[in-house]
Amino acid sequence: AAPAPSQRASPRSLHTPAAGPAYCMAEELLADFMGSLLIVAPAVIGMVFAYWLYKKVAKISLYPRVSPDDELLMRRMESQEFNGEPDSFQKMRQIYRDIQNGAKAFLAAEYRMCVAFIAVFGFAMIFVVAHVDGGWDFKVGTLTAFSFVVGGVTSMVSGYIGMMIAVFTNARCTMSATLTPESTAWRESFNSAFRGGAVMGFALSGLGLLVMYFLMCLYVSAFEVATEAVKLFECIAGFGLGGSAIAMFGRVGGGIYTKAADVGADLAGKVVAGIPEDDPRNPATIADNVGDNVGDVAGMGSDLFGSFAEATCAALVIAAQSVDLVGAGWDTLIFPLYISSVSILVCMATSFVATDLRPVRNEASIEEVLKTQLTLSTLGMTIVMYPVCAMFMPSEFYLGPKTFTSTCVDGLVSSKCVTMGPLSAFCCIAAGLWGGLIIGFVTEYFTSHTYSPVREVARATETGAATNIIYGLALGYKSTVVPVTILAGIVFIAFSLMDTYGVALASLGMLGTLSTCLAIDVYGPICDNAGGIAEMADLPEGVREKTDALDAAGNTTAAIGKGFAIGSAALVSLALTSAFVTRTTVLERGVNMLNPVVFAFLLIGSMLPYWFSAMTMKSVGVAAMEMVKEVKRQFDTIPGLLEGTPGHGPPDHARCIKISTDASLREMVPPACLVMSAPIITGAFFGVEAVVGLLAGGLVSGVQLAISASNTGGAWDNAKKFVEKGGLFLDMPKLDENTGEVIRNVDGTPVLVSTRQRKGSECHKAAVVGDTVGDPLKDTSGPALNILMKLMAIISLVFADFFMSINNGQGYLNVPRQNI
């Protein structure tokens, strides 16, 4: 007879004590209710908290508050210190609306393509995934395709929320920087940007967790959990695939958009025309400011949403293979979701430290406050995770199709035999938490001009752009050493304690501060936009100095965020690969790396990140060339635009936005096709062992290329900023004030004086070249490699049954397997 619905919904009922059916049912319902409450309540609280933060930001008016009591502001207006203040604020509001409209136009165009892709690929998935060994299983195919659609739509909604809050907050950050006194301006401008970022962080974390859990509750009625848990969570894995697929378009398309506008604006403005960054005369400035949000907000949000969904799916699929974990109950099986739910509450509690308990009071405290926020969130998660692990993890279990008591006997030592479940799970999660923090701070060391590596790159500009580029490349390669070593240590600890399940928990641990990481990541583009708005609206220099200081700290924390994203992507990719290996039971004893097919595809997989990077880098170059030509055309055809003649015609911002939008949508398709087709073609024709080689090669190569590319570009960017702020001094020959000749010592050598290098100097020009070269590295190719590593792995996992249905996993070419 079929089990009752309550039994189908919770495997706990299979192991209830013999104390009467009424008692057992009541205990079961109470336990299920408490488990659901621990997931649903934090998710809802996170979303409500995000709305509360949005209302706090919305209270900031875009109109200056002028009253007779505000004597200082009245005097500044009367003295025209604001260069005609009412006109400046009108310009600010117009620029704010232009950026909003540009962002909406891009998202509308991109999401139209994404909707078409979801519909076509989702329909194809129904039949491909349903093709299993021994026939067709359309229930699995349909449910997996539906999960894919839900994941894709959730990712799009998350990106849209982030994009809209970023372009809503930017001008309010600028307005806050105009307040008096100075301490108030620092505190309020920082708080507005941080709260704007936190809106996305908590909304995305809560929405993703809530949708995924409700999807699981919906699907659990379609499967017998005790015997079909693997099928259940394989269907749920489609949710991760949908999120990652949209993240591919967001990261690649957004990266091409932002860097086409940024590089084009830099080349046409600073290099060709010799005008400052964000100068209102430059037609590409609005597209540039839109691009900051497209790549670093919508793209990063989709990327980290995909990481959360994929890491959770990997852990669930691996757990479903364990008879002991399935038998321990529904709460134990979905333990990975509790990590994410608890993290929302921890990050919410620590967020008040940055805005209320220890707020920013001056420039020097900005970076300290942001790094303290990350550290406190990591520490808080470490403290609360052990009780959660003790509550839901059994003390002993076997990670396989047999029980602990029947397998882990006679002194058998295996990472699949877990003897201290709560402690082992805690150690895996803690390793991910602190490993991610260390990777983030190491990334900061190599990309912040506070430390010696970037200052060395800046000093290399003394001899021109070539040495600047050489030093930057060397820095990027060197910066991979510590992060890769940390990742190796995390994998070793996690695998030793809990086999592949430990790796999945470690990846979720690294994402344990997701809400805080997203808040800090989005904070950067908001401040960058705020500075651009202040420059284009001709607001006082003091306002731009504040927004520049906020942006400089944002650049540093953005580098930390990229380190987190890359590190978590590597662990998520490994966890998904582990789930794929676990799922394809023919690989249960491992993969022989000396198998010719495996080794051949290991090489091919390690080549794919370079092919992918070449495509995205060239796409930026093509789009940037179009932008430069358009800006030059407008300078040539609009009288007085370049010279800034009063009454000249306005620049055509819409045309530049259209160039970036069209280029990004056109150029993002080939890289996406490469990443998505590679594992499908490999598995269909060469078999599952070839897929493992492909994934391993892509992971090992991709993580190091992503780190070096991101850090190289970040170092060049901050080396330029170090020169611009006057931090670089060079010994230069002293010139006679009257004749201009070099003053010499008695022995004929020139007298040297320490000279500060600033904007317009030869060193600055060399630094601008390095920054321009590094832009597509740090904001397009580097971050997009995260998606390559994860997307290939999640596709392989979702299509595992399809691969196994083709000649028992040997592919259409029937490639023979070699036993170890």
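So, here's what we can say about the structure. (Residues numbered from 1 in each chain as written. Predicted model: local features only at pLDDT ≥ 70, side-chain atom pairs only at ≥ 80, totals over all residues. Heavy atoms only, no water.)

Some words on the overall build of the protein
In step 1: Check the secondary structure of the protein and you find 25 helices and six strands.
In step 2: Against the compact-globule benchmark of 28 Å for 820 residues, the protein has a radius of gyration of 28 Å, which places it among compact chains.
In step 3: The principal-axis extent of the C-alpha atoms belonging to the protein is close to 100 × 65 × 50 Å.
In step 4: Sorting the 820 residues of the protein into buried and exposed places 61% on the buried side.
In step 5: Relative to all contacts within the protein whose residues are 6 or more apart in sequence, the contacts with residues 24 or more apart total 83%.
In step 6: Each charge sign in the protein was given a centre, from 54 positive and 70 negative side chains, and these centres are 2 Å apart. (Helix = DSSP H or I, 4+ residues; strand = E, 2+ residues; numbered from the N terminus. Rg over C-alpha atoms; globule rule 2.2 N^0.38 Å. Buried < 20%, exposed > 50% of the residue type's maximum accessible area, 1.4 Å probe, protein only. Contact = heavy atoms within 4.5 Å. Lys, Arg positive; Asp, Glu negative; His and termini not counted. Charge placed at Lys NZ, Arg CZ, Asp CG, Glu CD.)

Comments concerning the packing of helix H6 (residues 182-219) against helix H19 (residues 541-583)
Two quantities define a packed helix pair, namely the angle between the axes and the distance from one axis to the other.
In step 1: One way to put it is that H6 packs onto H19 with a least axis distance of 11 Å and a crossing angle of 45 degrees. The orientation of H6 with respect to H19, classified from their angle, is oblique. As H6 runs across H19, the sense of the crossing is right-handed. Across from Glu182, Ala185, Trp186, Ser189 and Phe190 in H6, the residues of H19 making contact are Glu545, Lys546, Ala549 and Leu550.
In step 2: Classifying every residue of the contact of H6 with H19 gives five nonpolar, one polar and three charged. (Axes fitted to C-alpha atoms, helices over the stretch in contact; angles between N-to-C directions. Parallel < 35°, antiparallel > 145°, perpendicular 65-115°, else oblique. Left-handed = near helix turned anticlockwise from the far one by under 90°. Nonpolar A, V, L, I, M, F, W, Y, C, P; charged D, E, K, R; others polar.)

A few points about the environment of alanine 41
In step 1: Mapped onto the fold, alanine 41 is located in helix H2 (residues 21-58).
In step 2: Note on alanine 41: relative accessible area 25%, which makes it partly exposed.
In step 3: As a C-alpha pair, alanine 41 and leucine 345 span 304 residues in sequence and 9.8 Å in three-dimensional space.

Structural notes on the packing of H6 against helix H11 (residues 335-357)
In step 1: In contact at an axis separation of 11 Å, H6 and H11 are set at 165 degrees when each is read in the N-to-C sense. Relative to H11, H6 is oriented roughly antiparallel. For the pair H6 and H11, the sense of crossing is left-handed. Contact residues: H6 offers Phe190, Asn191, Phe194, Arg195, Phe202, Ser205, Gly206, Leu209, Tyr213 and Met216, while H11 offers Leu337, Ser340, Ser341, Ile344, Cys347, Met348, Ser351, Ala354, Thr355 and Asp356.
In step 2: Its residues assigned to classes, the contact of H6 with H11 shows 11 nonpolar, seven polar and two charged.

A few points about the side chain of threonine 332
In step 1: Its place among the elements puts threonine 332 in helix H10 (residues 330-333).
In step 2: The residues contacting threonine 332, other than those within four sequence positions of it, are Leu325, Phe392 and Pro394.

A word on unusual backbone geometry
In step 1: A cis amide bond links threonine 180 to the next residue, proline 181, at an omega of 0 degrees.
In step 2: Looking at the element boundaries, proline 181 is found in the loop between helix H5 (138-176) and H6.
In step 3: Within the chain, aspartate 499 stands out as a residue other than glycine whose phi angle is a positive 55 degrees.
In step 4: One can find aspartate 499 in helix H17 (residues 481-510).
In step 5: Within the chain, asparagine 808 stands out as a residue other than glycine whose phi angle is a positive 55 degrees.
In step 6: Along the chain, asparagine 808 turns up in the segment after helix H25 (800-804).
In step 7: The class for asparagine 808 is partly exposed, based on a relative accessible area of 37%.

A word on helix H18 (residues 514-536)
In step 1: Given a rise of 1.5 Å per residue, 23 residues ought to cover 33 Å, and the 34 Å separating the end C-alpha atoms of H18 matches this to within 8%.
In step 2: Most of H18 sits inside the fold, with 21 of its 23 residues counted as buried.
In step 3: Residue aspartate 538 follows H18 closely and has a positive phi angle near 60 degrees. (Expected span 1.5 Å × (residues − 1).)

So, the nonpolar core
In step 1: In this structure, Phe233, Phe335 and Tyr501 are the most contacted members of the largest nonpolar core, which totals 237 residues.
In step 2: With 22 residues, the single largest contributor to this core is helix H7 (residues 225-273).
In step 3: Residues contacting tyrosine 501, with those up to four places away along its chain left out, are Ala315, Ile318, Ala319, Leu325, Phe335, Pro336, Met393 and Leu399.
In step 4: Counting residues in hydrophobic clusters, the runner-up holds 17 residues, among them Val442, Ala458, Ala709 and Cys763. (Core = buried A, V, L, I, M, F, W, Y, C linked by side-chain atoms within 4.5 Å.)

Things to note about the state of the cysteines
In step 1: Enumeration according to the criterion identifies one disulfide in this entry.
In step 2: Between the sulfur of cysteine 408 and that of cysteine 417 lies a disulfide, 2.0 Å long from S to S. When the S-S torsion is -90 degrees, as for the bridge of cysteine 408 with cysteine 417, the disulfide is left-handed. In terms of burial, cysteine 408 and cysteine 417 fall into one category: buried.
In step 3: In this model cysteine 347 remains outside any disulfide bridge; the closest cysteine sulfur is found in cysteine 517, 7.6 Å from its own.
In step 4: You can see cysteine 527 has no disulfide; the closest cysteine sulfur is in cysteine 173, sitting 4.5 Å from it.
In step 5: On the basis of relative accessibility, which here comes to 1%, the residue cysteine 527 falls in the buried class. (Disulfide = S-S within 2.5 Å.)

Details of the pattern of salt bridges
Once the charged atoms of two side chains with opposite charge are near each other, the side chains can pair.
In step 1: Counted according to the given criterion, the structure contains 27 salt bridges.
In step 2: Among the salt bridges present, the one from arginine 251 reaches aspartate 303, with a minimum N-O distance of 3.4 Å. Of the two residues, arginine 251 sits in helix H7 while aspartate 303 sits in helix H8 (residues 285-320), which places them 52 residues apart along the sequence.
In step 3: Each member of the salt-bridge network shares a partner with another, and the members are Lys259, Asp262, Lys562, Asp717, Lys721, Asp775, Lys778 and Asp779. (Salt bridge = Lys/Arg side-chain N within 4 Å of Asp/Glu carboxyl O.)

Thoughts on H6
An α-helical turn contains 3.6 residues, so any two residues separated by three or four positions project in the same direction.
In step 1: Helix length check: H6, at 38 residues, gives a terminal C-alpha distance of 56 Å against a target of 56 Å (1.5 Å per residue), a fit within 8%.
In step 2: Most of H6 is tucked away, with 30 of its 38 residues classed as buried.

Without other data, these values stay purely geometric and don't point to any function.
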